[in-house]
Amino acid sequence: MAKTYEEINEKIRKGHAVVVTAEEIIGIVEEKGLKKAAHEVDVVTTGTFGPMCSSGAFLNFGHSTPRIKLGGGHAYLNNVPVYTGLAAVDVYLGATAIPDDDPRNKVYPGEFSYGGGHVIEELVAGKDLVLSATAYGTDCYPRKKIEILVNIQDINEAILFSPRNAYQNYNCAVNLTDKIIYTYMGVLQANLGNANFCSAAQLSPLLNDPLYKTIGIGTKIFLGGGIGYVAWNGTQHNPTVKRKENGVPQAGAGTLSVVGDLKQMKAKYLRGSSFLGYGATMTVGIGIPIPILNEEICQYTAVKNQDLWCQVVDYGKNYPNNLPSSLGEVNYAQLFSGEIEVQGKKIPTAPISSYSIAREIAGTLKEWIKKGDFELTQPVQCIPGPESGITFKSMKERLVEPRFE
Amino acid sequence: MSVCRRIVLRFPKNLVEKPLVYHLVKDYDLKFNILRAKITPEEEGLLSLEIKGDKNNYSRGIDFLTKSGVTIEQLGQKIRKNEDLCTQCGLCVSVCPTPALAIDRKSREVIFDSNHCVTCEMCIKVCPVKAMEIKFD
């Protein structure tokens, strides 16, 4: 028996909705069977909390007296450069930006102790930030320099707008070379010394809606401790990767672009993060509710770690050289067990995204919905699925002909 | 009664070239395992050891080292996990050479057991949110 969004929202408003997390639904389906579970449960909540480099925020500072045009100039927040190629006092602060004088990897492996993600975390925490900028000066925007304290309370808009978050599945990273390497997947010891992975697996939003039947443009979500929305599919959205019979992709596939008002988010779920030898980024908390419209959707949400597979990839040689390769497939139950076998060798595994906070986010979203504080939205448009034929391309490197005039 | 302790020895410059640890075996029948060492001639030396042996012999051995001018600290208590900052991700677990950092199977939280810590400080370097801290006495 199918349900509609409106019927589920009516139950939420009355406080009657049955809401469970993506972990809890597994046991419910096992115990009661799919048909009964789909009938009884209205919403399944998901969660993830991991490093997401393609994150950032648009900020509008308001106009200074006299006015300054940051557009075309240079601007910094706590010494971290922000993008100014916009109107006079709009900037974009990206999570991976680092100060001009950061030593980067000159002393290898670099620490990258402070970057755009850290600035966003401090902004959300209500701390004052130093805005410093230089501009070229115009008749209507004469000021050429500014150095002031700014606070999230005082600025006009602070909008988290991230082009790619919530990756649907990811690689399991290993290192086949004989040297230790420092990657965005953490430190990888030489000669298959360890394996790192990054997914909330059975709790992860897009792994619970593998074919994007309910998560689409306009879907209301938990974002950074507050409310946000899915704005579009994310960049590098790759719905056509290989999938198992359950519809779940066996490698990184779908992604989401998300948006929300930073002023109502919490620093706990937007954490500036430093990856040794790699760079600065932000660890982002996202939770997405899935309406149990029918048995098919319910079946998707009941997916377990052992049914979710990913590819083991060598980050020593193959990944940096963009060579397509997989050393094999492992499932998340194996990865969470602490040991997998690759090329006949048993190697220890560790996650780089937080399962316990993913669980906390799914739990928080569940409480919001149960209390009637959070209703579900029907997407205004679906994001492209496997039928779209959209495939993630490598860069087409066409050489520039030298031109002499 | 036998004991097993993990300690850090700090040798002042003038002691770096003396074979003091040898006496722990010879005179006090203590077994030791070197966990970490940083010794440069003409500079202060640092040696992390796990020492096993009879409790009385251990006390007498430590006494000998102290009287010789070596400073001794308990190891493991120097590294601390700041629970307010930790996101329970697991990156530290991937670099920890001992079972000191592990993920609890049920809560999926990162557990730090200082008894196993050899103060290699890899977790401090790798923690993306600087939740692993070193405590200076």
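Computed from a predicted model, the values in this text were never measured in an experiment.

## Brief notes about the overall build of chain A
Consideration 1: Per the secondary structure count, chain A includes seven helices and 26 strands.
Consideration 2: By the compact-globule yardstick of 22 Å for 405 residues, chain A fits well, its C-alpha radius of gyration being 23 Å.
Consideration 3: Partitioning the intrachain contacts of chain A with sequence separation of at least 6 by distance along the chain shows that 72% fall at a separation of at least 24.
Consideration 4: Surface accessibility of chain A: about 17800 Å² in total, with carbon and sulfur atoms responsible for 52%.
Consideration 5: A gap of 1 Å separates the mean positions of the 38 positive and 40 negative side-chain charges of chain A.

## Topic: the domain arrangement of chain B
Residues and elements named next belong to chain B.
Consideration 1: Taken domain by domain, chain B holds domain 1 (2–74) and domain 2 (77–136).
Consideration 2: Just the C-alpha atoms count here: the centres of domain 1 and domain 2 sit 26 Å apart.
Consideration 3: Between domain 1 and domain 2 the total buried area reaches about 600 Å² when both faces are included, carbon and sulfur atoms providing 42% of it.
Consideration 4: The largest per-residue losses of area from domain 1 upon contact with domain 2 belong to Arg6, Arg36 and Gln74, which jointly make up 68% of the total buried on that side.
Consideration 5: At the junction of domain 1 and domain 2, the tally comes to two salt bridges.
Consideration 6: A salt bridge links Glu121 to Arg36, with the shortest nitrogen-to-oxygen separation between them at 3.8 Å.
Consideration 7: Across the domain 1-domain 2 interface, the total number found is two residue pairs in polar contact (both at pLDDT 80 or more).
Consideration 8: When residues of the side of domain 1 that touches domain 2 are traced back to their parent elements, those giving at least two are β1 (2–11), β2 (31–38) and β4 (71–74).
Consideration 9: Residue composition of the side of domain 1 that touches domain 2, by class: one nonpolar, one polar and four charged.

## A few points about the interface of chain B and chain A
Consideration 1: Taken together, the contact between chain B and chain A spans 21 residues of the former and 27 residues of the latter.
Consideration 2: Across the interface of chain B and chain A, roughly 1700 Å² is buried in total on both sides, 54% from carbon and sulfur atoms.
Consideration 3: Counting the surface chain B buries against chain A, the share from its top three residues, Thr87, Leu91 and Arg108 of chain B, is 29%.
Consideration 4: Applying the counting rule to chain B against chain A returns 10 residue pairs in polar contact (both at pLDDT 80 or more).
Consideration 5: Every element with two or more residues in the side of chain B that touches chain A is listed here: α3 (91–95) and α4 (122–126) of chain B.
Consideration 6: Here the side of chain B that touches chain A is built from residues that sort into 10 nonpolar, five polar and six charged.

## Focus: helix α2 (residues 55–68) of chain B
All names here are of chain B.
Consideration 1: Over its 14 residues, α2 extends 20 Å from the first C-alpha to the last, a length consistent with the 20 Å expected when each residue adds 1.5 Å.
Consideration 2: N-cap assignment for α2: the residue whose side-chain oxygen lies 3.0 Å from the backbone N of Asn56 is Asp54.
Consideration 3: Phi turns positive one or two residues past the end of α2, at Gly69, with a value near 105°.

## Thoughts on the nonpolar core
All names here are of chain A.
Consideration 1: Counting residues in hydrophobic clusters, the biggest one holds 55 residues, and the most contacted among them are Cys172, Tyr332, Leu335, Ile340, Ile369 and Leu376.
Consideration 2: Excluding residues that lie within four positions of it along the chain, Ile340 makes contacts with Cys172, Ala195, Val330, Gln334, Leu335, Lys345, Lys346, Ile347 and Thr349.
Consideration 3: One finds Ala158, Tyr212, Leu223 and Met265 within the second-largest nonpolar core, a separate group that totals 49 residues.

## Here's the deal with the pairing of strand β8 (residues 129–134) of chain A
Residues and elements named next belong to chain A.
Consideration 1: Where strand β5 (residues 74–77) meets β8, four bridges bridge the pair, whose relative direction is antiparallel. Residue pairing across strands places His74 opposite Thr134, the latter belonging to β8.
Consideration 2: Judged from the six bridges that link them, β8 and strand β9 (residues 145–150) form a sheet pairing that is antiparallel. Each bridged residue has a counterpart across the sheet, and for Thr134 the counterpart in β9 is Lys145.

## A few points about helix α1 (residues 5–14) of chain A
Residue and element names in this part refer to chain A.
Consideration 1: For α1, every residue scored as buried is listed here: Tyr5, Ile8, Asn9 and Ile12. Burial along α1 is one-sided: seen end-on, the buried residues are contained in an arc of 100°.
Consideration 2: In this structure, the buried side of α1 is in contact with β2 (43–45), β21 (289–291) and α7 (355–370).

## Things to note about the state of the cysteines
Consideration 1: Applying the stated rule across the entire model yields zero disulfides over all chains.
Consideration 2: Between Cys4 of chain B, a free cysteine, and Cys117 of chain B, which holds the nearest cysteine sulfur, the sulfur-to-sulfur gap is 14 Å.

## Comments concerning the sheet that holds strand β6 (residues 80–82) of chain A
Residues and elements named next belong to chain A.
Consideration 1: Judged by pairing direction, the sheet is antiparallel, and its four strands sit side by side in the order β6-β5-β8-β9 without closing on themselves. What marks the edges here is a single partner per strand, and that holds for β6 and β9. Neighbour-to-neighbour, the strand axes of the sheet open up by a mean angle of 25°, direction not taken into account.
Consideration 2: The strands touched by helix α4 (residues 116–124) are β5, β6 and β8; relative to β8, the strand with the most contacts, the crossing angle is about 125°.

## A short note on the environment of Arg143 of chain A
All names here are of chain A.
Consideration 1: Checked against the element boundaries, Arg143 lands in the loop between β8 and β9.
Consideration 2: A residue is classified by how much of its surface remains accessible, and Arg143, at 24% relative accessible area, is partly exposed.
Consideration 3: Note: C-alpha distance between Arg143 and Asn194 (51 residues apart in sequence) is 54 Å.
Consideration 4: Setting aside its immediate chain neighbours within four residues, Arg143 contacts Ser64, Thr65, Pro66, Arg67, Ile68, Ala135 and Gly137.
Consideration 5: Within the structure, Arg143 has its side chain in polar contact with the backbone oxygen of Lys145 (distance 3.1 Å).

## Comments concerning the sheet that holds strand β3 (residues 45–54) of chain B
Residue and element names in this part refer to chain B.
Consideration 1: What the four strands build is an open sheet, ordered β2-β3-β1-β4; its pairing is antiparallel. The open sheet has two edge strands, β2 and β4, and neither has a second partner. The sheet shows a mean angle of 25° between the axes of neighbouring strands, taken without regard to direction.
Consideration 2: Where β2 meets β3, seven bridges bridge the pair, whose relative direction is antiparallel.

## Section: the pattern of salt bridges
Residues and elements named next belong to chain A.
Consideration 1: Across all of its chains, the model carries 23 salt bridges over all chains by this definition.
Consideration 2: The closest approach of N and O atoms between Asp42 and Lys3, which form a salt bridge, is 3.3 Å. Taken together, the residues span a long stretch of sequence, with Asp42 in the loop between α3 (34–40) and β2 and Lys3 in the segment before α1 at a distance of 39 residues. Taken as a pair, Asp42 and Lys3 share a single burial class, namely buried.

## Things to note about the pairing of strand β10 (residues 157–165) of chain A
Residues and elements named next belong to chain A.
Consideration 1: Here strand β4 (residues 56–60) runs beside β10; their pairing, made up of four bridges, is antiparallel. Paired with Asn60 across the strands is Glu157, a residue of β10.
Consideration 2: Note that β10 and strand β18 (residues 256–261) share five bridges and pair antiparallel. Across the sheet, Leu160 pairs through a bridge with Gly260, a residue of β18.

Criteria and thresholds
Residues numbered from 1 in each chain as written. Chains lettered and ligands numbered in written order. Predicted model: local features only at pLDDT ≥ 70, side-chain atom pairs only at ≥ 80, totals over all residues. Heavy atoms only, no water. Helix = DSSP H or I, 4+ residues; strand = E, 2+ residues; numbered from the N terminus. Rg over C-alpha atoms; globule rule 2.2 N^0.38 Å. Contact = heavy atoms within 4.5 Å. Areas by Shrake-Rupley, 256 points an atom, 1.4 Å probe, with all protein chains shown as cover. Lys, Arg positive; Asp, Glu negative; His and termini not counted. Charge placed at Lys NZ, Arg CZ, Asp CG, Glu CD. Domains from an automatic or database assignment. Buried area = accessible area lost by both parts, 1.4 Å probe. Salt bridge = Lys/Arg side-chain N within 4 Å of Asp/Glu carboxyl O. Polar contact = N/O pair within 3.5 Å; in protein donor to acceptor, adjacent residues only side chain to side chain. Nonpolar A, V, L, I, M, F, W, Y, C, P; charged D, E, K, R; others polar. Expected span 1.5 Å × (residues − 1). Core = buried A, V, L, I, M, F, W, Y, C linked by side-chain atoms within 4.5 Å. Buried < 20%, exposed > 50% of the residue type's maximum accessible area, 1.4 Å probe, protein only. Pairing = 2+ DSSP bridges. Arc of directions from axis to C-beta. Disulfide = S-S within 2.5 Å. Axes fitted to C-alpha atoms, helices over the stretch in contact; angles between N-to-C directions.

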